[in-house]
Amino acid sequence: MFVARSIAADHKDLIHDVSYDFHGRRMATCSSDQSVKVWDKSENGEWHCTASWKTHSGSVWRVTWAHPEFGQVLASCSFDRTAAVWEEIVGESNDKQRGQSHWIKRTTLVDSRTSVTDVKFAPKHMGLMLTTCSADGVVRIYEAPDVMNLSQWSLQHEISCKLSCSCISWNPSSSRAHPPMIAVGSDDSNVTYGGKVQIYEYNENTRKYAKAETLMTVTDAVHDIAFAPNLGRSFHVLAIATKDVRIFKLVPMRKESTSTGPTKFEVQIVAQFDNHNSQVWRVSWNITSTLLASSGDDGCVRLWKANYMDNWKCTGILKGDGSPLTGSSGQPTAMSTVVGSSVQTSQSVLNGTSAGRIGKRTPFAPPLRQLTSSKIYQHPAYY
Amino acid sequence: MEEVDVEPTVTNIPAARDGMHLGFAWGPGDILVFDTVYKAAGATGSGSSLIHVVRKDEDIYSPILRKLFNESHHIFVGLQTIREDLPSKNKKPQFVSISKSYRSVIRACMEELQQVAVSTQDAELATQYGNQVSILLAIELIWNLCEVLFIDAVPAGSLLLHLLDWVRLHKADVDEKAREVLQSESPVEHHGYWDVVVSYVLQGRLEEARQMLAKQAAQQYADKNMYKLMDNLLSKMPVYNPGSIHTLTEFDVKWRHWHEEVDRCLQDKSFASNVHLELICKILVGDEDTLLEHKELLSTWYHFLVTRLLFAHPTIKPTELHYYAQSCMAMFLDSRSAPETLDSILLAAFDFDIHQVIKDCSIALNNWWFVAHLTDLLDHCKLLQSHNLHFGSNLREFLLLEYASGLFNHHSLWQLAVDYFDHCPEFGRVYLELHIERVPLDTERKALKVLRICEQRQMPEQVRSICKIMAKRALRNNRLGSALSWSIRAKDAAFATLISERFLQDYCTRGTFSDLDLIDNLGPAMLLSDRLTFLVKYHEFHKLYGEKCFTEAAKLLLSLITAKIAPRSFWMTLLTDALPLLEQKEVIFSAGQSYELMFFLEELTSSFKPATLNSDKSMQEEDIELTKVELLRLALARNLAKAIVKEGTVDA
């Protein structure tokens, strides 16, 4: 792993969230300076800020992109108790010439009476749906019935979770066998209140979300939660950031055909890591869920990976070196350290062993590097 | 199996450390990292406001290694198509040849890297290239040994010959030195002369050693007989010929005879007066101490191993290799220097521990190319199953998926990855689905390319999604024609309706249609939505009218209204379109048709009333509307009169 470049985001205050769009060509940043910025990646890989505007009257906690099928749409949530939906419109020609784009507010969702702590779009097969959760313990699911008119959002569901909510995650599975499912985490630190992760499932018959499961073993404050891409499996994998990193497997139990209640799950813990020493604040999967990243109080981002025997190990650490750059972007030191010490993050997991058997830079190669001829076919094989 | 537990690698990020958190976001190919504080609500702090793009798999971005990826892809695909039904014994030659193809790709790549490393002015870059060359060299060395031991699986006798080839190939500096010596003014007096001769002998290249010695013999009249004797010994050394009728036992007998003869020469001190010839004789008799005294000419323990086998155990069996390998390594490396990764990988290979070789290579190398391709080949040779039943093919798929996922991060190499995913039966398809929908659709051409891949593999959801994204984008940029054709491909009726409406709106405001070709040639696709059907039919009406086929045009126009596929808001326009037809000299609308038109006009105007009172509309607009209605009424009445007269006439 190496730092390919650094981008001066130029926010006036702390950045709280950065979010890639679906194709990785755009990103959005949000900050305590109450603004959101949108960045576009140019042909040569450089990032340019193409829009920056004040979105809320408080810290903006999270920013997220809708699937591009719905156009260029962002949602943000804030300490100011609101969430907002933004759409990019193809602007005036002189805007384009200046490399700027124009975002307009389509709606403000004002139902929460407290800080809106997370905002997520539902998986695209459910249509254009937006979910928020807030410190007052309510998860709200909104829908834009007409995808061409994003100024109309109707509040479809309100789920009362009783505990202050910090994070939500949709199960991305689009399989017919899996009804829509959302996991909610609470950062209430009172362990006597029981499980801090609740899972709700949509019921076709009642047209409501009903609680399917509470992870009773997670009693400490939960700060982030993430379902893994499903990969066509029958079970679900859920990562949780609490006082440690935990990975759970939710295996749906066979349902009686007459039963109309929510699915029951067998909850298995797959892995649990306390390497961050204290609180873990974010967990997130890569596209194919082969890597889980987590960020914690040790100031590090840790990468976790399973080998083909499903053993999970920490394979890489990203660590602040205490020397924040103030300058502009640095160029990648590509192709360096081929067998140096800073490689092998992804590589070291074949059998659960971690990286770096060659810790030093000594050549891995045979001592002599004379290349005079390629004589692979020099001697005929005898067969 | 030995589990080596080493700390994970640490990547330093130029960011703050104390009291701060590192925020992150996954991208398709990299991770974004930034300073932040996750704590109490409303927290503020002094982050650096820098966002760092952290990337892995740097090799992918090297233009020379790209050739390696491209060419090995062809070999990989070829390997997958080798027929399953052939007995594996018959496939061995094919596997060996595929293995050699892989190695020649590595070689080609290595040489190109070597050239740029030499020619570049940038010292740092030269080191980088140099490092890559040494990696590839090591890869090729390991692969070559695996080919001999596992894929070709040569029996005793031939085994040593293959190992000799292996050593010769990877210690080609002898030829370099020989050339230098031979090109000097007086080769026999060149300081490197004896090194070359001894190196030849150590590699078992006795014919070349004799030629070199002949030059010396020609000048050393005093030692003439000694040189002759040595030449005789060298020429007589038996070499196993796997093609001959002689058995390995016969060869062994012959070899022992020769060995005894060499030993006799040593005992009776035939070469005592010439240190060089005596040294060669000691090598020929396989004296370990003598060999170890020439470490710098052997340079590696595995060269020592092969030389020792050549002169002491030429009929070595594969199963005995491990013992000799281990002892040679121990003898060769002094107690101070611990074996390096390459050493343990080679040792594991000599031990026929395939799994350990793959595992150690995965740990030591920073790209999946090597392990993925080698494991795939070994798996085709049915070596992994027999080695360890329950995870053989899983291991192959695991490594291929990792390798292909890495390729997907690259803007053009991702296309190669598709074929790798295709040959991963368990998760290949899901991985492809997840990755391919993230390929940026920068241009229509690229979108079509991605689309074709999805269509070929029957991925309806991805096809639909790509088309929908493209349709949405085209509409945003006001390219209606493109938006329409993408939404037809996506079979997205709602969107097609919407775009058709936009077309009609544009027609109402501008009086002309855009994207005529597309609308004319939709064919059955127009049935996707009623509005689209109407759009096409309405355009057909205009065409008929333009071609002065008035009767057909009139019929079509009427059917558009009566069949109710025309949106109500469009009726007025349709009726207005009927005006010129009504005003023609000839009677075009029959009496019956005129009644129908009148009926619709009345229905429209009666429902119109509240709308016309709408204050939004200006007086002027209202006037125009009223005038239109009046004109229509007049024209319809006139036409009806004419039609009745005409129809009456015909009837009579």
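Just so you know, these numbers come straight off a predicted model, no measurement behind them.

**Things to note about the overall build of chain A**
Right, so step 1: Within chain A, the secondary structure is distributed over 1 helix and 25 strands.
Right, so step 2: Per-residue burial for chain A yields a buried fraction of 60% across its 383 residues.
Right, so step 3: Taken as a whole, chain A presents about 15,200 Å² of accessible surface, with 47% of it coming from carbon and sulfur.

**Observations concerning helix α8 (residues 224–236) of chain B**
All names here are of chain B.
Right, so step 1: The terminal C-alpha atoms of α8, which comprises 13 residues, lie 18 Å apart, in line with the 18 Å expected from a rise of 1.5 Å per residue.
Right, so step 2: For α8, the complete set of buried residues consists of Met226, Tyr227, Met230, Leu233 and Leu234. Buried residues of α8, seen end-on, are gathered within an arc of 120° and therefore sit on one face of the element. For α8, the exposed residues set more than 90 degrees away from the buried face come down to Lys224, Asn225 and Lys228.
Right, so step 3: The inward-facing, buried residues of α8 contact α6 (193–202), α7 (206–217), α9 (248–267) and α10 (275–284).

**Considerations on the layout of surface pockets**
Right, so step 1: In this structure, the second largest pocket occupies an estimated 1,100 Å³ of space.
Right, so step 2: Along its surface, the second largest pocket is lined by 37 residues, and Arg25(A), Tyr61(B), Asn409(B), His410(B) and His411(B) are the ones closest to its centre.
Right, so step 3: Of all the secondary structure elements, the ones that give two or more residues to the lining of the second largest pocket are β1 (2–8) of chain A together with α20 (414–422) and α22 (444–456) of chain B.
Right, so step 4: Here the lining of the second largest pocket takes 3 residues from α22(B), the largest share from any one element.
Right, so step 5: Looking at the lining of the second largest pocket, its residues break down into 11 nonpolar, 14 polar and 12 charged.

**A word on the UniProt feature "repeat: WD" (unreviewed entry) in chain A**
Right, so step 1: Using the residue numbers shown here, the UniProt feature "repeat: WD" (unreviewed entry) corresponds to residues 8–40 and 273–305 of chain A.
Right, so step 2: Between the end C-alpha atoms of residues 273–305 of chain A there is a gap of 12 Å, over a span that is 0% helix and 58% strand.

**Some details on the packing of helix α16 (residues 354–364) of chain B against helix α17 (residues 369–380) of chain B**
Residue and element names in this part refer to chain B.
Right, so step 1: The contact between α16 and α17 brings their axes to 9 Å, and the two run at 165°. By the angle between their directions, the pair α16 and α17 is classed as roughly antiparallel. Judged by the twist between their axes, the crossing of α16 over α17 is left-handed. Counted together, Ile354, Ile358, Cys361 and Ser362 of α16 and Phe370, Val371, Thr375 and Leu378 of α17 form the full contact between these two elements.
Right, so step 2: The residue inventory of the contact of α16 with α17, partitioned by class, reads 6 nonpolar, 2 polar and no charged.

**Concerning the nonpolar core**
Right, so step 1: Of all hydrophobic cores here, the largest spans 212 residues; its most connected members are Leu163(B), Trp166(B), Leu213(B), Trp301(B), Phe350(B), Phe370(B) and Tyr538(B).
Right, so step 2: With 16 residues, helix α3 (residues 123–151) of chain B is the largest single contributor of residues to this core.
Right, so step 3: Not counting residues up to four positions away in its chain, the partners in contact with Trp301(B) are Ala325(B), Cys328(B), Met329(B), Phe332(B), Asp343(B), Leu346(B), Leu347(B) and Phe350(B).
Right, so step 4: Counting 20 residues, the second largest nonpolar core, distinct from the first, contains Val280(A), Cys300(A), Trp304(A) and Ile317(A).

**Points about the sheet that holds strand β6 (residues 60–65) of chain A**
Residues and elements named next belong to chain A.
Right, so step 1: Taken in spatial order, the 4 strands line up as β6-β7-β8-β9 in an open sheet, and their pairing is antiparallel. For this open sheet the edge positions go to β6 and β9 (102–109), each flanked by a neighbour on one side alone. Along the sheet, successive strands turn relative to each other by an average axial angle of 25°, direction set aside.
Right, so step 2: Direction of pairing for strand β7 (residues 73–78) relative to strand β8 (residues 83–89): antiparallel, over a ladder of 5 bridges. Looking at the pairing, Val73 lines up with Glu87 of β8.

**Some points on the state of the cysteines**
Residue and element names in this part refer to chain B.
Right, so step 1: One pass over the structure, following the stated rule, counts 0 disulfides over all chains.
Right, so step 2: Free cysteine Cys281: the closest other cysteine sulfur is in Cys265, separated by 5.7 Å.
Right, so step 3: On the basis of relative accessible area, Cys281 is assigned to the buried category, the value being 0%.
Right, so step 4: With no disulfide of its own, Cys328 lies closest to Cys146 among cysteine sulfurs, the gap being 19 Å.
Right, so step 5: Residue Cys328 is classed as buried on the basis of its relative accessible area of 0%.

**As for the domain arrangement of chain B**
Right, so step 1: Domain annotation of chain B identifies domain 1 (1–56), domain 2 (157–316), domain 3 (451–547) and domain 4 (569–608 + 618–651).
Right, so step 2: Just the C-alpha atoms count here: the centres of domain 2 of chain B and domain 4 of chain B sit 111 Å apart.

**Focus: the sheet that holds strand β13 (residues 154–160) of chain A**
Residues and elements named next belong to chain A.
Right, so step 1: Pairing within the open sheet is antiparallel, and its 4 strands lie in the order β10-β11-β12-β13. Where the open sheet ends on each side, the last strands, each with one partner, are β10 (116–121) and β13. Ignoring which end each strand starts from, the neighbouring axes of this sheet average 20° apart.

**Considerations on the side chain of Thr9(B)**
Right, so step 1: Mapped onto the elements of the fold, Thr9(B) is located in strand β1 (residues 9–13).
Right, so step 2: In this structure Thr9(B) comes out as buried when scored by relative accessible area, which is 7%.
Right, so step 3: A polar atom in the side chain of Thr9(B) sits 3.5 Å from the backbone oxygen of Thr315(A).

**Some remarks on α7(B)**
Residues and elements named next belong to chain B.
Right, so step 1: Here α7 is 12 residues long and its end C-alpha atoms lie 16 Å apart, about the 16 Å a rise of 1.5 Å per residue gives.
Right, so step 2: Regarding α7, the residues found buried are Leu206, Ala209, Arg210, Met212, Leu213 and Gln216. Buried residues in α7, looked at end-on, bunch into an arc of 165°, giving them a common side.

**A closer look at the pattern of salt bridges**
Right, so step 1: Inspection of every chain in the model, using the stated rule, returns 46 salt bridges over all chains.
Right, so step 2: Note that Lys124(A) is salt-bridged to Glu461(B), the shortest N-O span being 3.3 Å. Placement of Lys124(A) in the loop between β10 and β11 (129–134) and of Glu461(B) in helix α23 (residues 460–476) is noted, with the two residues assigned to different chains.
Right, so step 3: Note on Lys124(A): relative accessible area 18%, which makes it buried.
Right, so step 4: Residue classification places Glu461(B) among the partly exposed positions, given a relative accessible area of 34%.

**A closer look at the packing of α8(B) against α10(B)**
Residues and elements named next belong to chain B.
Right, so step 1: Between α8 and α10, the least distance of the axes is 11 Å, while the angle of their chain directions is 20°. With respect to their mutual orientation, α8 and α10 come out roughly parallel. Helix-helix and strand crossings are classified by hand; for α8 and α10 the assignment is left-handed. Between α8, through Met226, Tyr227, Met230 and Leu234, and α10, the contact on the second element is made entirely by Leu277, Ile280, Cys281 and Leu284.
Right, so step 2: In terms of residue class, the contact of α8 with α10 is built from 8 nonpolar, no polar and no charged.

**Focus: the confidence of the model for chain A**
Right, so step 1: Scored by pLDDT, chain A comes out at a mean of 83, with 81% of its residues at no less than 70.
Right, so step 2: Within the model, pLDDT remains below 50 along residues 325–383 of chain A, and this stretch shows 193 contacts once partners closer than five positions in the same chain are excluded.

**Digging into the confidence of the model for chain B**
Right, so step 1: Averaged over all residues, the pLDDT of chain B equals 86, while 92% of them reach at least 70.
Right, so step 2: As scored by the predictor, the complex reaches a pTM of 0.86 and an ipTM of 0.85.

Reading the values: rules and limits
Residues numbered from 1 in each chain as written. Chains lettered and ligands numbered in written order. Predicted model: local features only at pLDDT ≥ 70, side-chain atom pairs only at ≥ 80, totals over all residues. Heavy atoms only, no water. Helix = DSSP H or I, 4+ residues; strand = E, 2+ residues; numbered from the N terminus. Buried < 20%, exposed > 50% of the residue type's maximum accessible area, 1.4 Å probe, protein only. Areas by Shrake-Rupley, 256 points an atom, 1.4 Å probe, with all protein chains shown as cover. Expected span 1.5 Å × (residues − 1). Arc of directions from axis to C-beta. Contact = heavy atoms within 4.5 Å. 1 Å grid on protein atoms, 1.4 Å probe; cavity = no way out; pocket = protein on both sides within 12 Å on 5 of 7 lines; lining within 4 Å. Points joined across faces, edges and corners; volume = space filled by probe spheres on them. Nonpolar A, V, L, I, M, F, W, Y, C, P; charged D, E, K, R; others polar. UniProt positions renumbered as here; feature names shortened; annotations may be inferred. Axes fitted to C-alpha atoms, helices over the stretch in contact; angles between N-to-C directions. Parallel < 35°, antiparallel > 145°, perpendicular 65-115°, else oblique. Left-handed = near helix turned anticlockwise from the far one by under 90°. Core = buried A, V, L, I, M, F, W, Y, C linked by side-chain atoms within 4.5 Å. Pairing = 2+ DSSP bridges. Disulfide = S-S within 2.5 Å. Domains from an automatic or database assignment. Polar contact = N/O pair within 3.5 Å; in protein donor to acceptor, adjacent residues only side chain to side chain. Salt bridge = Lys/Arg side-chain N within 4 Å of Asp/Glu carboxyl O. pLDDT = per-residue confidence, 0-100.

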